[in-house]
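Observations on the three-dimensional arrangement
Read off the chains here:
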Amino acid sequence: MTRGRLPAPFGQHIDRERPVTFTFEGETISGYAGDTVVSALLGEDRWLLSRSFKYHRPRGPLSLAGHDANTLVQTPEAANRLAEELPAEDTPVVTGQNYWGSLDKDRFSLLDRLGRFLPVGFYYRAFFKPQGIWHFWERFIRAAAGLGVANLAVQPTYSDKQYLFCDVAVIGGGPAGLNAALTAAEGGAQVLLVDENPYLGGALTYHRFDTAGTEAGPCLEQLRTAVTAHSGIRVLTDATCNAWFSDHYLPVFQGQRLFKVRARTCVLATGSSEQPVVFRNNDLPGILLCSALERLLMHHGVAPEQPLVVLAGNDAAYRTALTALDAGLTVAALVDLRPGANDPALTSALTEQGVPLYTQATVYQAEADASGTRLAAVRVHACSDEGTVGDDLAHIPCGLLAMSAGYMPAYQLACHGGAQLSYHDDRAGFSLSNLPQGMLLAGSVNSLHSLEAVCADGRNAGRAALEQLGLDAGAVEATECSERVNHPWPIFKHPKGREFVDFDEDLQIKDIINSARLGYRDIQLVKRYSTVGMGPSQGRHSALTTARLIARATDRTVSDTGVTTARPPVKPEPLGLIAGRRFHPIRRTSLHDRHLTLGAQMIPAGSWRRPGFYGRPEQRLAAIAREAQAVRSGVGMIDVSTLGGIDLRGPDAAEFLNRIYTYGFLKLPVGRTRYAVLTNEQGVVVDDGVAARLGEDHFYVTATTTGVDRVYRDMLRWNTQWRLELDIANVTSAYAAINVAGPNSRAVLEAAGCDLDLSAAGFPYLACREGQLAGLPVRLLRVGFVGELGFELHVPSLMAATLWDSLMAAGEDYDLQPFGVETQRLLRLEKGHIIVGQDTDGMSHPGEIGLNWAINNKKPFFVGGRSVTILAGQPLKRQLVGFTLGTGAPQPKEGHLVLRDGAIVGNVTSCEYSPTLDRIIGLAYAHPSDSEPGGSITIRTDDGVCVAAEVAALPFYDPDNARQTLCALKQPRPAWPAPCSRWHSRAAATRLWF
Amino acid sequence: MASPLQSLAFEGGGNEALVLRDFRLARRAGVRGPGASDLLTSHGLPADIAPNRISDQSDRGLVMALSQREFWLLHPDAAASSQQPDSAALAAGAWPLYCQHSHAWLMLSGEPKAAMMAKLCGVDLGDGAFPLGQVAQTQMAHVSVVIAHHDYQNEAVFSLFVDQSLAEYAAGALIDAMSEFNQSGI
């Protein structure tokens, strides 16, 4: 029962003029705008919110701060949502989760009675023997495991990320954080203030800091006004800082956005987590932390009618009782674990209002009502500071129990930065030390609890931040707080158990002690064995109790025992936020529109989009065959703009290439190209291309589409060491490239208008030239990747479309056909040319893939040379071979395995049907003994069908290279201007346009 | 030459809003090499610009230094040069860079441009950290970009230079990021 919502100043967050409704478990719940799902449910006296993870015990709110798993509920969109973080106004349908039957009558609650058969480490111990037993139980356990149900049909929402830059990041908008932010901003710093609550103020919004309850309100008003009005402070509310990373890199999520905060200094004003008292049935709905009750009253104005008992381990709980009395609640008793309050005025204030006090006493057991789902009474016993329990003092009927055993700093972010959390046995308090450079603490995370000290500490943190920024900081205030807030042993073991240490994982006192008895003395091992602290609350309410229990069980102090390490994230975060908005860069050549116009089917090639073939998808094979036929018998052209291009200029350019690539380049004549193979330091082939010498000190090198960035990076890296005199420029995007190939390619170029002698004598195979084609400046390379007479034309990229059009026009009489990447792959395979990355892998060295001819063994050094030499001296373990199959055989696919006596010896790397040869051809790694042409290799194809392929000599097509060389003649070295200085220039005049 | 913005439904907002303009047709060129600064000096242009700075040369455009031996010459109000590029050296140790061909040029203006760019780029582009005249060579939406902060027509703008092949992708990413800032825009 509730008595309706309380009037102001209670219920600060609700708008009483705007009622809202939603359904919970099918039942309509009424509340107000500003209510959370929890506050609205409690407003209707609905306290059973969830079922516990292991025993399916009934659970209600504990912290109301989003710091525990007791309020996890299901919405249609997602499971495991914290009900105190769900606005009632925006959440029309809510249900419970993790039950069989209904939330009120969960059939799985039978497990609570079987607890003795589910000891700590149950899974590790129960399914270890006999071997294989796990597989039997796994299906049942997996069916029962988990809490909510993921909605696999839900549509993902738009999430993105944004960087935020500031001088000072203040995490926590309570009194300490507000003071720190204000002080730093007034000193000239740009401040970001982050708070996980919808309103600034922290404990000022609900907690009573003095007996009369008059300090918090004015302090909050003054600070909130000043902060929100300050132009130097950016406030993020409803935002969670989920980690601290080096150099104050802070992921902060708010709504659908993940902010990546870059701060110069960081003030942690994260507050502290109130600690529960551990006694039998301390998890019954109706038992909550004092701060939770204060939030319920002050934020939402919910006032339960049932009598309240306050269980105090400190003076703050007395103030909770006073607030409850102000709200009209019946305080049936205040039970103090200590001999009495430190502040006598608090005792007087309560006794004057007729509240019975029990000192040096504890709630030893909570009792449920007939339904078993709600607190009905508590049994109070005498106790000592060491946890021993004495006489039965009272049996008090109540529906509400508010407890506070003390506070533990919200130390997670500090620990992410390597800070050390220390416990001081003498005062049962904490301190954080060894903070990283630039991290500051303020407020109760710094173990200060009086309002005056907290505010002063916040201002001091602001000043310290200014000092670190080199700004005028002002004098530091003295901060002193002698208030002792933690009871040394708020743990009361009961013979019948059910005293919960960890609510998330349903761990009781005996579970923790048994972990120690089983030999897990280290707190980190206890965590992993028992799973304590591994639930959603991440040990906020269990770490201290666990440390105390392990300390006693192992005869150590708590400070010697320590607490478990806190790691990111602080709170569960949606994976969508981590993924953020998806960026998938797509590169298009300057001929992209031309390809689309011609009906190309575009396929990905790295981040590029390239034409696979031209024609309708259903006519793919016919289109590829048509294009291949055109190249073999007439002329075709392909957009090869995606090829990498690197310009190397300078007197040491040849020497540099000689060191980078496997071949020799020192004597490469100007006007000639040479195949360039790149190996890494392990001797593995990582890229290849063509190096064209355009001048004595100028090389233009091509690289593979996906490898050019790496090649460029490696070149820069090596020359950082070698310090050769040259300039290296990645000009990939500056040039487009078109390969015109086929017997009629020369004729097409001549028809397009070329100022170069294109004859076999004037422009032999492997030559390169710079000239004009169709009126455009072009670099021409006579290479033969597809095995025909061919010219690779490199042109400034914005001129590529003009060149393409000119070639298309010039090729009309020769039936010029554009061809795509798929056709090119077929043609090069016929010619036996490898593609690095497709026919090689992370282990392929030149000897395996038949590239020994591209190694210059006479030069003193090249990158990977030593490794290549060593590998060459060892027996081959596999070899890339060509193979053929008849057209009736199943066609192997790339990746299919090559077997020898049933063992895997290699795999297929390329395989196509060749219309030119009317056979299936391919490349595969095979055992070296099987590499001789005429032999046979076994390939396991789809469905395990093995085929015997014949090993063939490479190339499959035109083994004499007659077609690509076409009357090659030995040419004299062209006459090029002599260098005019060490930095060669052949410019007659500078041609800057400005 | 097509604008990368052409196929995207984009309209500029008001004075307060962000505006993204395509300057791919504007003139730009580059010079690189150990003789690059001498070449600039011989043309009466400043060669003492520190790397990652951009200098306004009034009617001669902008000179952007990307290193001690690489300079880009930008003229937002001039059409791209019709002169055909030549890969030969411009002077001893100074070679041309085909900026016109290699990089698209987009220009972003509007007060919240730094906040918008923070959705795409990890460099602080706020006035305090990235004042007028600064250049950043960094990443934007997972692709390389050169960002220059300079005045254009009495307004502080960011010039963004991205790989020509990524122009449409980059423009799309920018316009998507701009949507929350431009009430009257997209």
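Residues numbered from 1 in each chain as written. Chains lettered and ligands numbered in written order. Predicted model: local features only at pLDDT ≥ 70, side-chain atom pairs only at ≥ 80, totals over all residues.

Another aspect to go through is the overall build of chain B. On a plain count of helices and strands, chain B comes out with four helices and 10 strands. For chain B, the α and β elements follow one another from N to C terminus as β-β-α-β-β-β-β-α-β-α-β-β-β-α. Looking at chain B as a whole, 51% of its 186 residues qualify as buried. Expressed as a percentage of contacts within chain B between residues at least 6 apart in sequence, the contacts between residues at least 24 apart total 62%. (Helix = DSSP H or I, 4+ residues; strand = E, 2+ residues; numbered from the N terminus. Buried ≥ 20, exposed ≤ 12 C-beta atoms within 10 Å, placed from the backbone. Contact = placed C-beta atoms within 7 Å.)

Turning our eyes to something else, we now look at the interface of chain A and chain B. By convention, interface size is frequently given as the accessible area that disappears when the constituent parts associate. Facing the 36 residues of chain A at the interface are 47 residues of chain B. Within the residue set of the side of chain A that touches chain B, elements represented by two or more residues are β8 (160-171), β29 (587-588) and β37 (727-730) of chain A. In terms of residue count, β8(A) provides more of the side of chain A that touches chain B than any other element does, six residues in total.

Glancing now at helix α18 (residues 653-660) of chain A. Residue and element names in this part refer to chain A. By the criterion of burial, α18 is predominantly enclosed, with six of the eight residues buried. What α18 keeps buried is the set Ala 653, Ala 654, Phe 656, Leu 657, Asn 658 and Ile 660. Buried residues in α18 make contact with β33 (644-649), β34 (673-679), β35 (685-695), β36 (698-703) and α19 (708-722).

Backbone hydrogen bonds are what pair the strands of a sheet, in a parallel or an antiparallel way. All names here are of chain B. Reading across the sheet, the five strands line up as β1-β7-β10-β9-β8 and stay open at both edges, with antiparallel pairing between neighbours. Of all the strands in the sheet, the pair left with one neighbour each is β1 (19-22) and β8 (135-140). On average, adjacent strands in this sheet sit at an angle of 30° to one another, irrespective of strand direction. Looking at chain direction, β1 and strand β7 (residues 103-109) are connected through four bridges and run antiparallel. Each bridged residue has a counterpart across the sheet, and for Leu 20 the counterpart in β7 is Leu 108. (Pairing = 2+ DSSP bridges. Axes fitted to C-alpha atoms, helices over the stretch in contact; angles between N-to-C directions.)

Attention now moves to the environment of A:Leu598. Residues and elements named next belong to chain A. Structurally, Leu 598 is set in the loop between α16 (592-597) and β30 (600-605). Each C-alpha atom of the pair Leu 598 and Arg 459 lies 70 Å from the other, and the pair is 139 residues apart in sequence. Aside from chain neighbours lying at most four places away, what touches Leu 598 is Tyr 614 and Pro 818.

Residue and element names in this part refer to chain A. Assigned domains of chain A: these are domain 1 (15-144), domain 2 (160-273 + 409-468), domain 3 (501-575) and domain 4 (875-954). Placing a centre on the C-alpha atoms of domain 2 and another on those of domain 3 gives a separation of 27 Å. Contacts between the two partners involve 15 residues from domain 2, matched on the other side by 15 residues from domain 3. Elements represented by at least two residues in the side of domain 2 that touches domain 3 include exactly α9 (412-416) and β24 (420-424). Within the side of domain 2 that touches domain 3, the residues separate by chemical class into seven nonpolar, seven polar and one charged. (Domains from an automatic or database assignment. Nonpolar A, V, L, I, M, F, W, Y, C, P; charged D, E, K, R; others polar.)

Residues and elements named next belong to chain A. Taken together, the six strands give an open sheet; going across it, the order is β39-β40-β41-β38-β32-β42, and neighbouring strands pair in mixed fashion. The outermost strands of the open sheet, each flanked by one partner alone, are β39 (768-773) and β42 (817-818). By the bridge criterion, two bridges tie strand β32 (residues 636-639) to β42 in an arrangement that is parallel. When the sheet's bridge partners are listed, Gly 636 is paired in β42 with Gln 817.

Quick look at the pairing of strand β1 (residues 15-24) of chain A now. Residues and elements named next belong to chain A. Strand direction decides the pairing type here: β1 and strand β2 (residues 27-33), joined by seven bridges, are antiparallel. Bridge pairing in β2 links Pro 19 to Tyr 32. In textbook terms, the turn of a hairpin is the stretch between consecutive antiparallel strands, and for β1 and β2 this stretch comprises two residues, one of which, Glu 25, has a positive phi near 55°.

Turning our eyes to something else, we now look at the confidence of the model for chain B. Residue and element names in this part refer to chain B. For chain B, per-residue confidence averages 87 on the pLDDT scale, and residues scoring 70 or more make up 89% of the total. Every residue in residues 7-13 scores below 50 in pLDDT, and together they form 17 contacts with partners more than four places removed in sequence or on other chains. The ipTM, which scores confidence in the relative placement of chains, is 0.92 for this predicted complex, and the corresponding pTM is 0.86. (pLDDT = per-residue confidence, 0-100.)

When pLDDT is averaged along chain A, the result is 92; 97% of the residues meet or exceed 70. Between residues 967-994 of chain A, whose pLDDT stays under 50, and residues either more than four places distant or in other chains, the model counts 60 contacts.

Residues and elements named next belong to chain A. If you look at the biggest cluster of nonpolar residues, it comprises 354 residues, and the most contacted ones within it are Val 170 and Leu 401. In terms of residues, this core owes the most to one element, helix α10 (residues 451-468), which gives nine residues. If we skip the residues at most four places from it in the chain, Val 170 touches Gly 177, Ala 180, Ala 181, Val 191, Leu 192, Leu 193, Val 194, Val 267 and Ala 269. (Core = buried A, V, L, I, M, F, W, Y, C linked by C-beta atoms within 7 Å.)

Right, let's talk about unusual backbone geometry for a bit. Residues and elements named next belong to chain A. The omega torsion across Pro 568 and Pro 569 is 0°, close enough to zero to call that bond cis. Counting through the fold element by element, Pro 569 comes out in the loop between α14 (558-561) and α15 (575-579). Of note, the bond from Leu 954 into Pro 955 is cis; its omega dihedral lies within 30 degrees of zero at -5°. For Pro 955, the position within the fold is in the loop between β48 (946-952) and α24 (962-965).

Angle between the axes and distance between the axes are the two parameters that describe a pair of packed helices. Residues and elements named next belong to chain A. At a closest axis distance of 10 Å, the pairing of helix α6 (residues 290-300) and helix α7 (residues 315-326) adopts a crossing angle of 25°. Put simply, α6 runs roughly parallel to α7. Our pair here, α6 against α7, has a crossing hand that is left-handed. Residues Cys 290, Leu 293, Glu 294 and Leu 297 of α6 pack against Ala 316, Ala 317, Thr 320, Thr 323 and Ala 324 of α7. Of the residues assigned to the contact of α6 with α7, the class counts are six nonpolar, two polar and one charged. (Parallel < 35°, antiparallel > 145°, perpendicular 65-115°, else oblique. Left-handed = near helix turned anticlockwise from the far one by under 90°.)

Residue and element names in this part refer to chain A. At a minimum axis distance of 10 Å, the contact between α7 and helix α8 (residues 344-352) shows a crossing angle of 30°. One finds that α7 runs roughly parallel with respect to α8. Along this stretch, α7 crosses α8, giving a crossing that reads as left-handed. Where α7 abuts α8, its residues Asp 315, Tyr 318, Arg 319, Ala 321 and Leu 322 lie against Leu 346, Ala 349 and Leu 350. Considered class by class, the residues forming the contact of α7 with α8 number six nonpolar, no polar and two charged.

Time to look at the pairing of β39(A). Residue and element names in this part refer to chain A. Judged from the six bridges that link them, β39 and strand β40 (residues 776-781) form a sheet pairing that is antiparallel. Bridge assignment links Gly 771 to a residue of β40, and that residue is Val 778. Remark: two residues form the turn of the hairpin made by β39 and β40, two consecutive strands paired antiparallel; Ala 774 in that turn has positive phi of roughly 55°.

Residues and elements named next belong to chain A. Residue placement: Thr 554 occurs in the loop between α13 (543-553) and α14. Take Thr 554: there are 16 C-beta atoms within 10 Å of it, and that puts it in the partly exposed class. It is 9.6 Å that separates the C-alpha atoms of Thr 554 and Tyr 520, two residues lying 34 residues apart in sequence. Contact partners of Thr 554, with chain neighbours within four places excluded, come to Ala 516 and Arg 521.

Right, let's get into helix α12 (residues 523-530) of chain A. Given 3.6 residues per turn, any residue in an α-helix points the same way as the ones three and four places further on. Residue and element names in this part refer to chain A. Taken residue by residue, α12 has Ile 523, Val 526, Lys 527, Tyr 529 and Ser 530 as its buried positions. Lining the buried residues of α12 we find β28 (507-508), α11 (509-517), α13 and α14. Directly after α12, the chain includes Thr 531, whose backbone phi takes a positive value near 70°.

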